[in-house]
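# Architecture and fold: a report
The primary structure of each chain is shown beneath.
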Amino acid sequence: MILVLYALLVLAALYIILLLVIVLNIQKVCECNHCHTAMHLERTNRPLYVRRLYDYLPLKYFRCRRCHRTFYLNKDTPDSEPESMKDSAPKPKASYT
């Protein structure tokens with residue numbers, strides 16, 4: 001019984017440590033803290049453990065293509081993605097025939 005209690009305490013401690021790591025990686029500005037660039041960022045999917053354990057956190061996951069560091073932004077923080085990259089996909093032509 002005591003072994004199960006210790007196991008639960010260890011799991012709770014790991015959960016809190018991972019949450020602390022995520023909270024410390026949240027930024028206010030869409031810019032890499034390491035190389036201070038906003039041009040080489042790409043929005044990526046969150047890791048599986050973040051999706052499973054911390055799905056309630058409103059976060060966007062970014063990776064810097066220049067230095068390969070990852071960080072999180074709040075959902076309400078605007079992306080600084082250039083307009084040319086946002087509209088790079090060709091728009092379908094409307095055909096009414």
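Residues numbered from 1 in each chain as written. Predicted model: local features only at pLDDT ≥ 70, side-chain atom pairs only at ≥ 80, totals over all residues. Heavy atoms only, no water.

This part is about the pattern of salt bridges. Under the defined criterion, the tally for this structure stands at one salt bridge. For Asp 55, the salt bridge is made with Arg 46, and the minimal N-O distance between the two is 3.2 Å. (Salt bridge = Lys/Arg side-chain N within 4 Å of Asp/Glu carboxyl O.)

So, about the sheet that holds strand S4 (residues 70-74). Pairing in this open sheet of four strands is mixed, and the strands run S1-S4-S3-S2 from one edge to the other. This sheet does not close on itself; its edge strands, each paired only once, are strand S1 (26-27) and strand S2 (41-44). By the bridge criterion, four bridges tie S2 to strand S3 (residues 59-64) in an arrangement that is antiparallel. By the bridge assignment, Leu 41 is partnered in S3 with Cys 64. (Pairing = 2+ DSSP bridges. Helix = DSSP H or I, 4+ residues; strand = E, 2+ residues; numbered from the N terminus.)

We now examine the state of the cysteines. Taken as a whole, this structure holds zero disulfides when the rule is applied. Residue Cys 64 stays outside any disulfide, its sulfur separated by 3.5 Å from that of Cys 35, the closest cysteine. The class for Cys 64 is buried, based on a relative accessible area of 0%. (Disulfide = S-S within 2.5 Å. Buried < 20%, exposed > 50% of the residue type's maximum accessible area, 1.4 Å probe, protein only.)

This part is about unusual backbone geometry. Where the residue is not glycine, phi is negative for most of them; where a peptide bond is considered, it is trans in most cases. A positive phi angle, close to 55°, is found at His 36, a residue other than glycine. Within the fold, His 36 resides in the loop between S1 and S2. Taking relative accessible area as the criterion, His 36 reaches 55% and is therefore assigned exposed. The phi dihedral of His 68 falls on the positive side, at around 65°, and the residue is not glycine. Tracing the backbone through its elements, the reader meets His 68 in the loop between S3 and S4.

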